[in-house]
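# Architecture and fold: a report
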Amino acid sequence: MKVVFIAEPHSLEIKEAPTPAAGKGEALLRVRAAGICGSDMHIYHGTNPLAKYPRIIGHEFAGEIAALGEGVEGFSVGDKVAVDPVTSCGECYACSIGRRNVCERLEVFGVHRDGGFAEYVAIPVANLHKVPFSWSFEKGALVEPFTIAANVLSRTECAGSDKLLIMGAGPIGQVILQAARRLGTACAVSDIVGVRLEKARRLGAELTVNPKETSLEEAIGAWTGGKGVPLIVDAVGSPDLFPSLLRMASPAGRIGLLGFSKEPSPFVQLEAVRKELSIFGSRLNRNKFPEVISWFDDGLVDPELLVSHRFPFVKAKEAMEFVQEHPSEVCKVILEF
Ligand code: MN
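What counts, and where the lines are drawn
Residues numbered from 1 in each chain as written. Predicted model: local features only at pLDDT ≥ 70, side-chain atom pairs only at ≥ 80, totals over all residues. Heavy atoms only, no water. Helix = DSSP H or I, 4+ residues; strand = E, 2+ residues; numbered from the N terminus. Rg over C-alpha atoms; globule rule 2.2 N^0.38 Å. Contact = heavy atoms within 4.5 Å. Areas by Shrake-Rupley, 256 points an atom, 1.4 Å probe, with all protein chains shown as cover. Pairing = 2+ DSSP bridges. Axes fitted to C-alpha atoms, helices over the stretch in contact; angles between N-to-C directions. Domains from an automatic or database assignment. Buried area = accessible area lost by both parts, 1.4 Å probe. Salt bridge = Lys/Arg side-chain N within 4 Å of Asp/Glu carboxyl O. Core = buried A, V, L, I, M, F, W, Y, C linked by side-chain atoms within 4.5 Å. Buried < 20%, exposed > 50% of the residue type's maximum accessible area, 1.4 Å probe, protein only. Donors = N, O, S within 2.8 Å, 3.2 Å for Na, K, Ca; no water. Parallel < 35°, antiparallel > 145°, perpendicular 65-115°, else oblique. Nonpolar A, V, L, I, M, F, W, Y, C, P; charged D, E, K, R; others polar.

Along the backbone of the protein there are 11 helices and 18 strands. In terms of overall dimensions, the protein is globule-like: its C-alpha atoms have a radius of gyration of 20 Å, near the 20 Å expected for 337 residues. Dimensions of the protein, computed from C-alpha atoms along their principal axes, come out at roughly 60 × 45 × 40 Å. A separation threshold of at least 6 residues defines the contact pool for the protein, and within that pool the share at least 24 residues apart is 69%. Only carbon and sulfur atoms are counted for the fraction: they give 51% of the accessible area of the protein, which is about 14,500 Å².

Structure, rendered in structure tokens:
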């Protein structure tokens, strides 16, 4: 079989590899669609501090079951499935309180262990979620990015009565916007790319701001009648934005963080204490696949709106270079297998 292989940073090749066999409790997945994520780009460029090499990348993928290993029940050959890329030990403190996505021994497909940019992958069936046969494989591959939104909105207890400021209107900002709009939450979106803001308006953003043209803090002040915004989700992750988030938050406000920067932020304790702010890190997803699959089924979000380009997987290198060179045109790129 063919796989997308990253031997070391900046080196991506399509390589022949032996087809794996499904072990005990595993299914052999014939991968049919996979999404390219910002974190795949970071692994390719050597800027993901969590990645290990060499690596078959890809953590947003779906396909059909080609074979079953020993002791598997509840799945059949031919089932269409989406893959939750999070694996956990089940024993550490985080796992013991149900927070398996921050397990001490967390391993993510495509990051810490080989992932889904391959024609076949052996996956523990605990990580597989059946999706309807009527779905495209692409739709199955889009469940994972929406689980990022489901996770941060549940961490921050987003409600329909909230006002939510989303920092960033790239793929993650857009899934958060769609997920919040299904609750009826009023959303403002900030991004420096005009076409992304137009998309955010089409997806139901009440206010869009380009901070290169307008002061975001002033626009948010006007939008909230000077009260500050109760909920902010940062899908930009630039450390120097953080003090501004603290200023824009209302008293008792919540801030959800998704970025991965190692750089420190200037943090003003007074702002956090005076307003009793809550700050939530949100990583990957905690058992959110069933919830997102039901959003898709009920038509509460429109995953296909996320897809901007498709490439055959053997052109993965060209696809990743395309993402790199066209940041404002590209949203989600799907590799087809
Ligand atoms: Mn992703």
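Below, the discussion takes up the sheet that holds strand E15 (residues 249-257). One key point about sheets: their strands pair by backbone hydrogen bonds, in either a parallel or an antiparallel sense. Pairing is parallel across the open sheet formed by 6 strands, whose spatial order is E13-E12-E11-E14-E15-E16. Here the strands that pair on one side only, and so sit at the sheet edges, are strand E13 (207-209) and strand E16 (278-281). Strand-to-strand twist in this sheet, taken as the mean axis angle between neighbours without regard to direction, amounts to 15°. Inspection of the sheet shows strand E11 (residues 163-167) paired to strand E14 (residues 229-234) by 4 bridges, in the parallel sense. Residue pairing in the sheet places Ile166 in a bridge with Val233 of E14.

Looking at the protein, the domain boundaries give domain 1 (2-146 + 285-336) and domain 2 (157-281). Just the C-alpha atoms count here: the centres of domain 1 and domain 2 sit 28 Å apart. Across the boundary between the two partners, domain 1 contributes 16 residues, which contact 14 residues of domain 2. In total, domain 1 and domain 2 occlude about 1,300 Å² of area from one another, counting both sides; carbon and sulfur atoms represent 67% of this. By the criterion of area lost to domain 2, the three top residues of domain 1 are Leu305, Ser328 and Cys331, representing 30% of everything that side buries. If you look at where domain 1 meets domain 2, you find 1 salt bridge.

Among the nonpolar cores identified, the biggest contains 50 residues, and Ile36, Phe61, Phe117, Ile123, Leu128 and Leu335 are the most heavily contacted of them. Of the residues forming this core, the biggest block, 5 residues, is contributed by strand E3 (residues 26-36). Apart from residues lying up to four places away in sequence, Ile36 is in contact with Met41, Glu60, Phe117, Ala319, Met320, Lys332, Val333 and Leu335.

Now for the coordination of the manganese ion. Within the first shell, the manganese ion binds the protein through Cys37 (SG), His59 (NE2) and Glu60 (OE), at distances of 2.2 to 2.6 Å. Every donor residue of the manganese ion comes from the same chain, spaced as C-x21-H-E. Of this pair, Cys37 sits in the loop between E3 and helix H1 (38-45) while Glu60 is found in strand E5 (residues 60-68), placing the two residues 23 residues apart along the sequence. Under the relative-accessibility criterion, Cys37 is labelled buried at 17%.

Right, let's get into the pairing of E3. The side chains of a regular strand alternate between both faces of the sheet. Counting buried positions along E3 yields 8 of 11 residues, so the element is predominantly enclosed. Relative to strand E9 (residues 120-124), E3 is paired through 5 bridges, and the arrangement is antiparallel. Residue pairing for E9: Glu26 is matched across the bridge by Pro124. Where E3 and E5 come together, 8 bridges link them in antiparallel fashion. In the strand pairing of E5, Ala27 is matched with Leu68. Where E3 lies against strand E18 (residues 332-336), 4 bridges are found, and the strand directions are antiparallel. Within the sheet, the bridge partner assigned to Ala34 lies in E18 and is Leu335.

Here we come to the packing of H1 against helix H11 (residues 316-325). Between H1 and H11, the shortest axis-to-axis distance is 11 Å and the interhelical angle comes to 105°. Accordingly, the angle class assigned to the pair H1 and H11 is roughly perpendicular. Residue-level contacts link Asp40, Met41, Tyr44 and His45 of H1 to Lys317, Met320, Glu321, Val323 and Gln324 of H11. Of the residues in the contact of H1 with H11, the class split is 4 nonpolar, 2 polar and 3 charged.

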